[in-house]
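# Residue-level structure breakdown
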Amino acid sequence: MTPQPQTPPAHVGILQLMNGVLVAGAVSCLAQLGIPDLVEAAPQSAEELAKQVGADPHALYRLMRATASVGVLSEGPDGKFSQTPMSAVLRSNATPSLRAFAIMTGREWHGRGWSHLEQCVRTGNPAMQQIYGAPMFEYLKQHPEEAQIFNDAMSDLSTIDSPAVAEAYNFEGIHSIVDIAGGHGLLLATILGKNPHLQGTLYEMPHVLEGARSGPLKPVMDRCTLASGDMFCSVPAGADAYLMKHIIHDWPDDRCVQLLQACRKGVNPGGKLLVVDCVIQPGNDFSTGKFLDLQMMIFPSGCERTEKQFRDLFAASGWRLNRIIPTAAPDSIVEGVPA
């Protein structure tokens, strides 16, 4: 008889979950120091690496030993550390790369936000407003260095999401598309690269567009326009499709209705609305979206939504939810058509 795996005692399970914050902090620090880049070519010791990054050799060894215990680096019998598949993802030149995303999770504002989760739950108000006296995106606007890290982190996620979206959706019959709040344009660039018949517009805040001019859109700029404005008031009119990835989940329903109504007003007859977000499923099964939903409560002021919530939101904005298309990433494409 094959022995059945034993479920660990409840207290062991809780300790494992709570230690997650220690693992995340260590991995974030490793990424910030750039260690995965330095061990790409060959294994190195803590002493060798400490000289290159300006660190204490003993402290750096303890950090790398800890991350190696969860598969992020590997320690050899000679005491040198080498690359693993997970540490490779933290290289700045990796595709996909999650280095900026890992760095962002270790920033002070991010950690302080999670430390205020209880207050968010009690009041229903986002932590950034409570801590810094400003909404998240206003805070980032006032802190360019943090905004750069945030934008790079979002581009990191797009290296995973963008190919999945471009592969999952058929853009035949769509000739012009506006990517609203599309960051530095990686998603739009991926879609334009796969669909040479498409013309695209990246609609963003002026300070974000500065990082887009020489970014992922550069190879397709002959088919792309950069535009800025207030997305809650208006969007570039006359497009066949309006695309938003990880935007709707940042905002409460009333603000989303404003945005979706602006898209409805601007869309060409027979056009499409494409919202790329997690779609929450009921039940007790693990879902990344359910934990992202907590993050939305802490930082912006939105939420992850169920199919019914998307359906109701679309209906309130002049759209009809047509279908939900899964992708190879955790996100789905929620397609709307004019009601």
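Look up a bit, the structure's there.
What comes next concerns the included structure. Bear in mind that the values here come from a model prediction, so they are computed numbers and not experimental data. (Residues numbered from 1 in each chain as written. Predicted model: local features only at pLDDT ≥ 70, side-chain atom pairs only at ≥ 80, totals over all residues. Heavy atoms only, no water.)

## Let's talk about unusual backbone geometry
Here Thr95 and Pro96 are connected by a cis peptide whose omega angle stands at -5°. Secondary-structure assignment places Pro96 in the loop between helix H6 (85-88) and helix H7 (99-105). With a phi angle near 90°, Leu73 is a residue other than glycine that sits in the positive phi range. We note that Ala181 has phi near 55°; this positive angle belongs to a residue other than glycine. Tracing the backbone through its elements, the reader meets Ala181 in the loop between strand S3 (176-180) and helix H13 (186-194). (Helix = DSSP H or I, 4+ residues; strand = E, 2+ residues; numbered from the N terminus.)

## Quick look at the packing of aromatic side chains
What characterises a pair of aromatic rings is the spacing of the ring centres plus the angle enclosed by the ring planes. The tally for this structure, following the rule as stated, stands at ten aromatic pairs. Consider the rings of Trp109 and Tyr139, whose centres lie 6.4 Å apart with planes at 50°: the pair is tilted. Separated by 30 residues along the polypeptide, Trp109 in helix H8 (residues 108-115) and Tyr139 in helix H11 (residues 136-142) bring together distant segments of the chain. Judged by relative accessible area, Trp109 falls into the buried class, the value being 2%. Given a relative accessible area of 8%, Tyr139 falls into the buried group. Centre to centre, the rings of Phe232 and Trp251 are 5.0 Å apart; their planes meet at 80°, and the pair counts as edge-to-face. (Phe/Tyr/Trp six-rings, centres within 6.5 Å; stacked < 30°, edge-to-face > 60°. Buried < 20%, exposed > 50% of the residue type's maximum accessible area, 1.4 Å probe, protein only.)

## Observations regarding the nonpolar core
Considering soluble globular proteins, one finds that nonpolar side chains tend to be buried as a cluster. Formed by 35 residues in total, the largest nonpolar core has its most connected members in Ile35, Met64, Leu73 and Trp109. When contributions to this core are tallied by element, the ones reaching two or more residues are helix H2 (20-33), helix H4 (46-53), helix H5 (57-68), H7, helix H10 (127-132), H11 and helix H12 (144-168). Contact partners of Met64, with chain neighbours within four places excluded, come to Leu30, Ile35, Ala46, Leu49, Leu73 and Phe81. The next biggest cluster of nonpolar side chains, apart from the first, holds 30 residues, and it includes Tyr242, Ile248, Leu260 and Ala262. (Core = buried A, V, L, I, M, F, W, Y, C linked by side-chain atoms within 4.5 Å. Contact = heavy atoms within 4.5 Å.)

## Things to note about the pairing of strand S5 (residues 224-228)
When strand S4 (residues 199-204) meets S5, the two strands line up parallel, connected through five bridges. Residue pairing in the sheet places Tyr203 in a bridge with Ala227 of S5. In this view, the connection linking S4 to its parallel neighbour S5 by way of helix H14 (residues 206-212) has right-handed handedness. (Pairing = 2+ DSSP bridges. Right-handed = clockwise from strand over helix to strand, strands pointing away.)

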